[in-house]
Amino acid sequence: MHDGKAIAPAPTIPGWRLIHSDQNRFWAFRKTPFPARARRAGAVPDVDADTFDELQAAVERQEQIARGAQP
C-alpha cells in the first residue's frame, strides 16, 4: 500500500557528503582533504548554507580556490 507521496531523491554533490537538518539547514563536508596548497590558499573542507542552491555555490567556491592553487 502507498500513501501517494513520492520520495524525492536526496540531492548530491560529487566528492562531498551532505547533511540536511530537520531545521532545514544544509552542510557539506569534502570526502577527501584538500591538498595543503589549496588549504593555504583558503579552501575549506566544510561549508554550510540556508538552501541547497547556496550550498552548491559555496562548494563550488571552495573547489575554485583549490583549482586556482594548483601548481
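Computed from a predicted model, the values in this text were never measured in an experiment.

Student: Got a minute to help me understand helix 2 (residues 52-68) in this structure?
Tutor: The α-helix winds at 3.6 residues per turn, so residues separated by three or four positions along the chain end up facing the same way. Between its first and last C-alpha atoms helix 2 spans 24 Å; for 17 residues at 1.5 Å apiece the expected length is 24 Å, and the two agree. Within helix 2 the residues assigned to the buried category are Phe52, Leu55, Ala58, Val59, Gln62, Glu63 and Ala66. Viewed end-on, helix 2 has its buried residues packed into an arc of 135 degrees, placing them on one side of the element. Residues Asp53 and Gly68 are exposed on helix 2 and point more than 90 degrees away from its buried face. On its buried side, helix 2 packs onto strand 1 (16-20), strand 2 (26-30), helix 1 (36-40) and strand 3 (46-49).

Student: Explain the sheet that holds strand 2 here, please?
Tutor: Within a beta sheet, neighbouring strands are joined by backbone hydrogen bonds and run either parallel or antiparallel to one another. Strands sit in the order 1-2-3 across an open sheet of three strands; the sheet is antiparallel. Pairing within the sheet leaves two strands with one partner each, and these edge strands are strand 1 and strand 3. Sheet twist, expressed as the mean angle between neighbouring strand axes with direction ignored, is 15 degrees. One ladder, built from four bridges, connects strand 2 with strand 3; its direction is antiparallel. Bridge assignment links Phe26 to a residue of strand 3, and that residue is Ala49.

Student: It is not clear to me how the environment of Pro71 should be interpreted in this structure. Could you clarify?
Tutor: By the secondary structure assignment, Pro71 is in the segment after helix 2. Taking the relative accessible area as the measure of exposure, Pro71 reaches 86% and is therefore exposed. C-alpha separation for the pair Pro71 and Arg37, spaced 34 residues apart in sequence, amounts to 8.7 Å.

Student: Whenever I open this one, the pattern of salt bridges confuses me. Can you help?
Tutor: Pairs may arise between side chains of opposite charge once their charged atoms sit close together. A full pass over the atoms with the stated rule returns four salt bridges. Notably, a salt bridge pairs Asp48 with Arg25, separated by 2.3 Å at the nearest N-O pair. Here the residue Asp48 occupies a position in strand 3, and Arg25 occupies one in the loop between strand 1 and strand 2, the gap between them amounting to 23 residues. Looking at Asp48, the relative accessible area reads 40%, which means it is partly exposed. Ionic contacts of the salt-bridge type, sharing partners, join the residues Arg25, Asp48 and Asp50 into one network.

Cut-offs used in this document
One numbering rule holds for all chains: residues counted from 1, following each sequence as written. Local features are withheld for residues below a pLDDT of 70 in this predicted model, meaning they are given only at 70 or higher, and side-chain atom pairs are given and counted only at 80 or more; totals for whole chains, interfaces and linings count all residues. Remark: hydrogens and water are excluded; side-chain values derive from all non-hydrogen atoms of the structure. Helical segments are the DSSP runs of H or I of at least four residues, strand segments are the runs of E of at least two, and each set is numbered from the N terminus. One fewer than the residue count of a helix, multiplied by 1.5 Å, yields its expected span. Partly exposed describes any residue whose relative accessible area lies between the buried limit of under 20% and the exposed limit of over 50%, with all areas from a 1.4 Å probe on protein chains only and scaled to the type maximum. Of all possible arcs, the one meant is that of the directions from the helix axis to the C-beta atoms. In what follows, a contact means two residues having at least one pair of non-hydrogen atoms within 4.5 Å. Any two strands with at least two DSSP bridges between them are considered paired. For every element, the axis is a line fit to its C-alpha atoms; helices are fit only across the contacting stretch, and the angle between N-to-C directions ranges from 0 to 180 degrees. A pair is scored as a salt bridge if a Lys or Arg side-chain nitrogen falls within 4 Å of a carboxyl oxygen belonging to Asp or Glu.

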